[in-house]
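# Notes for the structure review
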Amino acid sequence: MHLSIAINFLLCVTTFFQPGNAMNADRINQCPSLSPRDYIPKDVKDVRIDDIKVFGGLGDSVMAGFGMMGKRNGGYSIKDLLEYRGKNYAIGGDPAVNSLAGFTRRYQPLLKGYSTGQRFIDRCLDGPCTIKNYRPQVDHLNAAISGAIAKDLQSQLDYLIPEMKQFPGVEFENDWKLINIQIGSNDQCGLCTPHADDTTVEAYAYYVEEAIERIRSTVPNTIVNLIGNWHVSGLLALSDANPSYCKFGNKKTINLNPRSECPCLQSKSETEAMDLITTKFNIKLAEIAKKYEAKSDSFAVVFQPANLNLTSLPISAFSTLDCFHPSLLCHEYFAKLFWNSMFMPNSQKPDQYNYDKDLKIYCPIDDDRIVGV
Ligand SMILES: *[C@@H]1O[C@H](CO)[C@@H](O)[C@H](O)[C@H]1NC(C)=O
């Protein structure tokens, strides 16, 4: 009896409290705190997660959290086209939601910039977005716009940079910032639209790098967290296998589905061409991150590969609104996946992810840095 208690105790100790060894948790608040440091790092390679004071986001409907709660009011009206910005996997800041911002707040309670709540979609179909397309009380420093391609990152920066400069509590010159960028789903599908010229591999890489270079030259003390692309084609088999999941009633005024959201999904040859381009986009992103790895003491780009096998996800990981956009379940899974990836050496980041419903959250330790791991 005593012996078994002692053994159990020892097992607990060795499982959870090995000095210097990291643990994983189901909830971020189960993770131990970091030991405070009495200085603010001067070198980007020394920045820990608790040094990050400001979050920013650039991207498309995924970063905007579009559609993640599905058909809320029956899904029959235009009013259902909502962006749940406060719950998106990267910069969502609603209470208790799993997101990179939520996890970071566990270590830096004064974090600024995360988005909150929800708002109506604004796709800026008549041209580049302007400041008028934003709702600063919801978006905060999440400059993502649904439907955006890499070319639109410039107009997103036209919002983000001035907004960050005047954001209450942000010391623009000194605070360490993490700007999350995920762009490319619409560039993939762009191949089969009238903007095909703006979504070639070369154009895509040019626009992404142009945005990163503008951040480097105008936003001091920044780490860009560049998140890769998944092959959107992977969800077609899943949605075709679950035809009732996104079905609308007779009263429908909207009718969205993967083929309407991404025209390249309408034929096999176009889908294959799209998959090829996506693989090349990801190679370019890794090259851009590498180029900026050691460029200065106050700026770096880190890359999180995102080659998810979408077919391995349950259909409930997608929105009932269109069987295309990630649901809350999927956003919370992405949050854990990309958080864990941030603390993994590049060489250990998986080439492909298959869904793991029990994925745990990595608990950072004092020695973990964000850059150069
Ligand atoms: C992707 O997931 C599906 C469903 O789990 C599986 O059948 C398929 O083998 C996976 N693909 C790869 C390349 O692992």
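Refer to the preceding data block for the structure.
Just so we're clear, the structure is a prediction, and the values are computed from it rather than from any experiment.

### Looking at the overall build of the protein
Regarding its fold elements, the protein presents eleven helices and eight strands. C-alpha extents for the protein along the principal axes are approximately 65 × 55 × 35 Å. When each of the 373 residues of the protein is scored for burial, the buried share is 54%. Looking at the protein alone, contacts between residues at least 24 apart form 74% of all its contacts between residues at least 6 apart. Carbon and sulfur atoms make up 55% of the accessible area of the protein, which totals about 16600 Å². Between the centroid of the 38 positive side chains of the protein and the centroid of its 42 negative side chains there is a distance of 4 Å.

### Remarks on the state of the cysteines
Tallied over the entire structure, the rule returns four disulfides. Linked covalently through their sulfurs, C31 and C363 form a disulfide whose S-S length is 2.0 Å. Negative torsions about the S-S bond denote left-handed disulfides, and the value of about -70 degrees found for C31 with C363 makes this one left-handed. Taken together, the residues C31 in the loop between strand 1 (23-25) and strand 2 (52-59) and C363 in strand 8 (residues 361-363) connect sequence positions 332 residues apart. Distance from the sulfur of C330, which forms no disulfide, to the nearest cysteine sulfur (C323) is 13 Å.

### Overview of the site of the ligand
Neighbouring the ligand are the residues N309, T311, S312, Q352 and N354. Contact distances for the ligand include 2.3 Å between an oxygen atom and a side-chain N or O atom of N309. For the ligand, whose free accessible area comes to 360 Å², the fraction covered by protein is 38%. Of the residues in the shell around the ligand, the class split is no nonpolar, five polar and no charged.

### Structural notes on the sheet that holds strand 2
Ordered in space as 2-5-6-7, the four strands form an open sheet in which the pairing is parallel. Edge positions in the open sheet fall to strand 2 and strand 7 (299-304), since each of these has one partner strand only. Pairwise comparison of adjacent strand axes, ignoring direction, gives a mean angle of 20 degrees for this sheet. Where strand 5 (residues 176-182) lies against strand 6 (residues 222-227), five bridges are found, and the strand directions are parallel. By the bridge assignment, K177 is partnered in strand 6 with T222. Helix 3 (residues 100-107) rests against strand 2, strand 5 and strand 6 of the sheet, and its axis sits at about 175 degrees to strand 2. Sheet contacts for helix 5 (residues 153-165): strand 2 and strand 5; angle to strand 2, the most-contacted strand, approximately 155 degrees.

### With respect to helix 3
Helix 3 sits mainly inside the fold: six of its eight residues count as buried. Restricting attention to buried positions, one finds in helix 3 the residues L100, A101, G102, F103, T104 and Y107.

Parameters at a glance
- Residues numbered from 1 in each chain as written.
- Predicted model: local features only at pLDDT ≥ 70, side-chain atom pairs only at ≥ 80, totals over all residues.
- Heavy atoms only, no water.
- Helix = DSSP H or I, 4+ residues; strand = E, 2+ residues; numbered from the N terminus.
- Buried < 20%, exposed > 50% of the residue type's maximum accessible area, 1.4 Å probe, protein only.
- Contact = heavy atoms within 4.5 Å.
- Areas by Shrake-Rupley, 256 points an atom, 1.4 Å probe, with all protein chains shown as cover.
- Lys, Arg positive; Asp, Glu negative; His and termini not counted.
- Charge placed at Lys NZ, Arg CZ, Asp CG, Glu CD.
- Disulfide = S-S within 2.5 Å.
- Near = heavy atom within 4 Å.
- Polar contact = N/O pair within 3.5 Å; in protein donor to acceptor, adjacent residues only side chain to side chain.
- Nonpolar A, V, L, I, M, F, W, Y, C, P; charged D, E, K, R; others polar.
- Pairing = 2+ DSSP bridges.
- Axes fitted to C-alpha atoms, helices over the stretch in contact; angles between N-to-C directions.

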